[in-house]
Structures are given as C-alpha cells and as structure tokens.
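# Coordinates in review
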Amino acid sequence: MLYADYYGSAPLLDSVKEHLRKRLDSSLFANPNALHSLGQKLHQGIEKCRSMIAQDLGAHPDQIYFNSGASEGVSHIIGSVLINAPKDKRVVITSPVEHVVVLNTLKFYEQKFGFRIVYVGISPDGLVDIHDFESLLNKHKDELALITIMAANNETGVIQPYKEIAKLSHQYGVDYFSDTTQLIGKGDFHFEESGIDYGVCSGHKIGALSGSGFILVKDVTKLTPYIFGSTQENGVRGGTQNYLGIETLAVAVRDFTQNKNKLVQLEAARKEFEARLKKEVPQSVIIGEGAPRLAGTTLIGFPGVHGQAVLIELESHNIFVTTSAACSDNEPETSAVLKAMGVSDQIGRSVIRISLSYQNEPKDYAYLAEKLISTYNKLNRIHSY
Ligand SMILES: Cc1ncc(COP(=O)(O)O)c(C=O)c1O
C-alpha cells in the first residue's frame, strides 16, 4: 500500500505507536487536575510535553495551550480577537485560499457582528500578492481588527511569505494569525522567528492522535476562553485535558525535529517525479509549480481526465490520494482555492493531490510515477468530461 494523503491525515508515527503501546500497559490513568499523586504525575507529564513542543517549535511553554485540534484553535483565536476588538476596528484581511474553517468562522463574524472581510489577491501560483496586501493595509489602516493568512496551503502545499506578512501587519499595528496546520510537522517552523502572533496545530496531521492539538499564542493575555471550564490550561481552555493525545503530540513534534533533514531527500524525489510526469505526459499541469511548496506535495492535473477517476484507478493499485482536499473529495467541481488562483475548470476538475511525508522513500515516488503514467494513458482513451 502507498498512502499519499498526509494532508488529509497522517497515519500514527511508529514512535507514537511505540509510546502508546508502553503507555497502555502502564497504570497511569487519572484526572490530571486531581490532587492525588497519580493526577499530579499526569499533570507534570503534560507540562513536560508542553516544554518539549515549545523547545522544538521555538516558543515559550506559556505560549502553548492544548486543545482538540486546528478547527477549535482557529475558532478560538479568530473569535477571541474579534470579540475583543475595539468598536472602530471592524476589518479583517484574509486570503481566498484559506481552509474553510477560517473562511466560515470569518463569515460568521461578518454576518452576526458586522465585521468586514477583505480578500487579498492571489497570484496564479497561489501566492499572496504582497503589493495588494500592502495597499489593503494602507487603505484600511484605521479599522484593522486582524490579519489571517495561512502559512501553507492544504491543497497546493504553497508556502506563503508569512514572515513578511507578519512584519507588514505589525507595521500597521495589527495582530497576525497564520493557520500553521499544514506547516507544523511538514516544514521548518520557528514560532518566535516567524513573527506571527497566533498559530494552530492538529495532532492527526502530524502522526499524533486525532482529537489532540494546540494553539500557539504570543501574548496569552489577549485571549479569552472559547471553551469554558475550570483552571485547566491556565483558564485559557476548559475541559479535562486529553493527556494521551498531548503525549502523542510531544512525541510527534520531536520525531519531526529529529528527522526533518529527510525533507531534503523528499523534495529531491518529488522534483524528479514531477519532471518525469511532465516528460512522459506533457499535458500534465502542476499547480503552484513556481511557488515555494512543502516538500512532499504535488497537486497535479491531467486535463480531460477527471480527478475522481484517477483516484479510483490508483486505489486499484493500493495507492491512496485525494482530489483537491479530503473534505471536498465528493465534490466533482473545481475547488475554491483553485478558482481563486484562476485555474480553469478543465484543469480544476482533473487534479489529484499527492501528499507524502518525511517517512516516505524515493522509491515511493518512482512507484507512484509508474502507476500514474499508466493510469493516465488508460483513462485518456475515455475522456471523462
Ligand atoms: C490548513 C488547515 N487548517 C485547518 C484544518 C482543520 O483541521 P482539523 O480538521 O484537524 O480541525 C485543516 C484540515 O484539513 C487544514 O488543512
């Protein structure tokens, strides 16, 4: 089997499985907020995990708050900032290529609380138009509540110039939230050096347990709780902590830190794979080709052959990919991200997303190339639309 949907969900890492096997045989299960020694031991364990993650991601431990994942993190951060925004600050600048959780959260605050959402222009390669961004900052300088532009895109893998966006946002005195869900655990990221004010992480995207995650917050005094409870997570996020999930987060982040040198090999193999496809199937189109991308991503289209047909054919060879994103696999239309990049329907409907990880070997790309080329040659005889 070749699993090539790491952006949908990464399978549990071997190091995480090993940790869980040992952990399930232990007798350390209790409420981490209890005063008895078992609870205290778990509490200390959580703090150790926080410190490990902080160290690996260039953050201070009191800038990390555990939760259930990125959707909660996005809702918490955007909600907190907008609820606390002064009455004259009603404009949010975002991009049209954000994940739906960001776009739908912003729509909610637009419809219920009268915020105005302004969308920055996107280049055909999927990058934020920095000149357009600067002119929007300038145009709305007295009414800015928040900037929210993702770090790496979940369909194309395109990495936005988030450090530059952070600098510009701060020049205009506005906080910057960058959705780091796909960057953490897949590319180099250092919270302090990034300059961003808020970030998010989902455990299942990095090989940890699903239902675990955390937010990164430069200044926690700016946050209000989204889920109310007692003193858990310093009052920032109520609810008994998912301590097994938290442990797997620390193991997964450490695993990435210790293995991220493998990204060089992954990127080289991806480039070779893309070059081979373009040579053998000259009609193929690689989305975001000219932009910096995460090492293991290729969003590729074969005009005239539907992406869903390619997906099904690849599955018959035990290769698992998605079309644009796992959550829109059932929609046979061009995704909103691709529309924002100006991609035609003919290409948009044909794409498949291949996302591999630092655990993959170059031979995986060789196998993928072989099967993708034969799939294309077979399906091209039919012309599915
Ligand atoms: C960029 C991005 N942000 C947010 C999310 C939401 O993550 P989750 O579904 O784990 O809450 C995803 C998931 O696909 C994502 O790719």
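Residues numbered from 1 in each chain as written. Predicted model: local features only at pLDDT ≥ 70, side-chain atom pairs only at ≥ 80, totals over all residues. Heavy atoms only, no water.

### Considerations on the sheet that holds strand β10 (residues 297–301)
As a reminder, the rule being used: Between any two strands, at least two bridges found by DSSP are needed for them to pair. Helix and strand assignments follow DSSP, with helices taken as H or I runs no shorter than four residues and strands as E runs no shorter than two, numbered in order from the N terminus. Here, two residues are considered to be in contact whenever any of their heavy atoms come within 4.5 Å of each other. Here an angle of 0 to 180 degrees is reported between the N-to-C directions of two axes, which are lines fitted to C-alpha atoms, with helices fitted over the stretch in contact.
The three strands are arranged β9-β10-β12 in an open sheet whose pairing can be described as antiparallel. Where the open sheet ends on each side, the last strands, each with one partner, are β9 (285–286) and β12 (352–355). Where β9 meets β10, two bridges bridge the pair, whose relative direction is antiparallel. Residue pairing across strands places isoleucine 286 opposite isoleucine 300, the latter belonging to β10. Packing against the sheet, helix α9 (residues 262–280) makes contact with β9, β10 and β12, and its axis sits at approximately 10° to β10.

### Notes on the site of the ligand
The cut-off we apply is this: Throughout, the term near means that a residue has one or more heavy atoms lying within 4 Å of the molecule or strand in question. Here a polar contact means two N or O atoms within 3.5 Å. Within protein one must be a hydrogen donor candidate and the other an acceptor candidate, and residues neighboring in sequence count only if both atoms are side-chain atoms. The Shrake-Rupley method, run with a 1.4 Å probe sphere, supplies the accessible areas, and residue values consider only the shown protein chains as cover. Here the term charged refers only to Asp, Glu, Lys and Arg, the term nonpolar to Ala, Val, Leu, Ile, Met, Phe, Trp, Tyr, Cys and Pro, and the term polar to all other amino acids, Gly among them.
In the vicinity of the ligand, the contacting residues are Ala70, Ser71, His99, Val101, Met150, Asn154, Asp179, Thr181, Gln182, Ser202, His204 and Lys205. Here a nitrogen atom of the ligand sits 2.6 Å away from a polar atom, N or O, in the side chain of aspartate 179. Here glutamine 182 contributes a side-chain N or O atom positioned 2.8 Å from an oxygen atom of the ligand. When the ligand is considered free in solution it has 390 Å² of accessible area, and contact with the protein chains removes 85% of it. Within the shell around the ligand, the residues separate by chemical class into three nonpolar, seven polar and two charged.

### Comments concerning the domain arrangement of the protein chain
The condition that has to hold: Start and end positions for the domains come from either an automated domain assignment or a database one. As a working definition, buried area equals the accessible area (1.4 Å probe) given up by two parts on being put together, with both sides summed. For this document, the term salt bridge refers to a Lys or Arg side-chain nitrogen within 4 Å of an Asp or Glu carboxyl oxygen.
Here the protein chain is partitioned into domain 1 (2–10 + 260–384) and domain 2 (14–258). Listed as interface residues are 29 residues of domain 1 and, on the opposing side, 32 residues of domain 2. Across the domain 1/domain 2 interface, buried area totals approximately 2,400 Å², and carbon plus sulfur atoms make up 57% of it. The interface formed by domain 1 and domain 2 includes one salt bridge. With a shortest N-O distance of 3.1 Å, aspartate 188 and lysine 260 are connected by a salt bridge. Seen at the junction of domain 1 and domain 2, the total is 13 residue pairs in polar contact (both at pLDDT 80 or more). Mapped onto the side of domain 1 that touches domain 2, the elements with two or more residues apiece are β10 and α11 (336–340). With four residues, the single largest contributor to the side of domain 1 that touches domain 2 is α11. Taken together, the residues of the side of domain 1 that touches domain 2 break down into 17 nonpolar, eight polar and four charged.

### Here we look at the packing of helix α2 (residues 37–57) against helix α8 (residues 243–259)
Filter applied, for reference: These descriptions rest on fixed angle ranges, namely under 35 degrees for roughly parallel, over 145 for roughly antiparallel, 65 to 115 for roughly perpendicular, and the rest for oblique. Handedness of a crossing follows from how the near helix is turned relative to the far one, being left-handed for an anticlockwise turn of less than a right angle and right-handed for a clockwise one.
Viewed as axis vectors pointing N to C, α2 and α8 meet at an angle of 25°, and their least axial separation amounts to 9 Å. Between α2 and α8, the angle falls in the class roughly parallel. Where α2 crosses over α8, the handedness of that crossing is left-handed. In this structure, α2 contributes Leu42, Ile46, Cys49, Met52, Ile53, Gln55, Asp56 and Leu57 to the contact, and α8 contributes Tyr243, Ile246, Glu247, Leu249, Ala250, Val253, Arg254 and Thr257. Of the residues in the contact of α2 with α8, the class split is eleven nonpolar, two polar and three charged.

### Topic: the nonpolar core
Nonpolar side chains in soluble globular proteins tend to end up buried together. As a reminder of what qualifies: Nonpolar core, defined: a set of buried Ala, Val, Leu, Ile, Met, Phe, Trp, Tyr and Cys residues in which side-chain atoms within 4.5 Å join the residues together. Think of it in three bands: with a 1.4 Å probe and only protein chains considered, a residue is buried below 20% of the maximum accessible area for its type, exposed above 50%, and partly exposed in between.
Judged by nonpolar contacts, the single largest core of 97 residues is most densely connected at Phe133, Ile147, Ile354 and Leu372. With nine residues, α8 is the single largest residue contributor to this core. Counting the residues that make up this core, at least three belong to each of domain 1 (2–10 + 260–384) and domain 2 (14–258). In this structure, leucine 372 is in contact with Phe273, Leu277, Ile300, Phe302, Val310, Leu314, Ile352 and Ile354, ignoring residues within four places of it in sequence.

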